[in-house]
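Observations on chain architecture
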Amino acid sequence: NWMLKYKRNTAALPVKFTAVNVLKQNGKAIIQWSTASEVNNQGFDVLRSANGSSWESIAFINSLGSNGASYSYTDVQPLNGKNYYRIRQKDFDGKTSTSETRFVDFQKQGYIQLAANPVQTELKLNTDLNLKNVQLNIYNAGGQLIKKEIINGTGQISLPLSREIAGTYIAEIINGSSKQSIRFVKQ
């Protein structure tokens with residue numbers, strides 16, 4: 001009874017993002033996102049930045065106004081070097097919310113990089129490679145193998161790390177004859 005009488009700020013979020021990804025393809029950046037639900041949503045600004053702090057809107061995509069939808073936008077003239085992207089959702093009443101930031105690098109070819117360091121509950125890798133059955137090993141600071149996975153995909157690839165304790169780790173990625181090690185911190 002008390003909760004019904006005194007509830008505050010319990011309005012549903014207008015949009016719940018389920019995924020935001022950016023892929024490099026033939027010199028273009030393909031920005032893809034999906035939602036679980038949309039309420040009072042006018043649409044989405046596709047934002048781009050060269051440095052991750054100064055943003056410009058490069059497109060506006062109208063909402064499909066559904067119980068979840070998938071969207072895509074192709075940036076046919078990405079910047080030379082790193083291109084950071086995020087999606088800003090706009091309500092009909094003027095309120096906004098912003099997705100997580102993703103990036104692709106048009107200067108590097110064949111890269112695999114951490115999306116964020118330190119890591120919270122997921123190890124997120126950004127890559128422009130199309131990974132197929134690539135071995136990913138996670139080692140603790142003592143050099144012990146604690147996790148072994150096969151990864152596939154391109155853009156952003158996530159691996160859950162919620163069970164691992166806080167500390168320093170090394171991700172070893174073995175792609176055919178190529179081997180790369182990336183040090184990261186789990187909080």
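So, a few notes on the structure that sits alongside this text. (Residues numbered from 1 in each chain as written. Predicted model: local features only at pLDDT ≥ 70, side-chain atom pairs only at ≥ 80, totals over all residues. Heavy atoms only, no water.)

Focus: the overall build of the protein chain
Helix and strand counts for the protein chain stand at 1 helix and 13 strands. Starting at the N terminus, the α and β elements of the protein chain follow one another as α-β-β-β-β-β-β-β-β-β-β-β-β-β. Considering only C-alpha atoms, the protein chain reaches an extent of 55 × 50 × 30 Å along its principal axes. In the protein chain, which comprises 187 residues, the proportion classed as buried is 39%. (Helix = DSSP H or I, 4+ residues; strand = E, 2+ residues; numbered from the N terminus. Buried < 20%, exposed > 50% of the residue type's maximum accessible area, 1.4 Å probe, protein only.)

As for the sheet that holds strand E1 (residues 15-25)
Strand pairing in a sheet is mediated by backbone hydrogen bonds. Such pairs are either parallel or antiparallel. In space, the 3 strands of this open sheet follow the order E1-E2-E5, with antiparallel pairing throughout. This sheet does not close on itself; its edge strands, each paired only once, are E1 and strand E5 (70-75). Each strand axis lies, on average, 15° off the axis of its neighbour in the sheet, ignoring direction. (Pairing = 2+ DSSP bridges. Axes fitted to C-alpha atoms, helices over the stretch in contact; angles between N-to-C directions.)

Regarding unusual backbone geometry
Between Asn-117 and Pro-118 the backbone carries a cis peptide bond, its omega angle lying at 15°. With respect to the element layout, Pro-118 can be found in the loop between strand E9 (112-114) and strand E10 (122-140). Of note, Asn-40 is a non-glycine position whose phi angle comes to about 60°, a positive value. Along the chain, the position of Asn-40 falls in the loop between strand E2 (28-38) and strand E3 (41-49). Since its relative accessible area comes to 35%, Asn-40 is described here as partly exposed. For Asn-133, which is not a glycine, the phi torsion comes out positive at approximately 50°.

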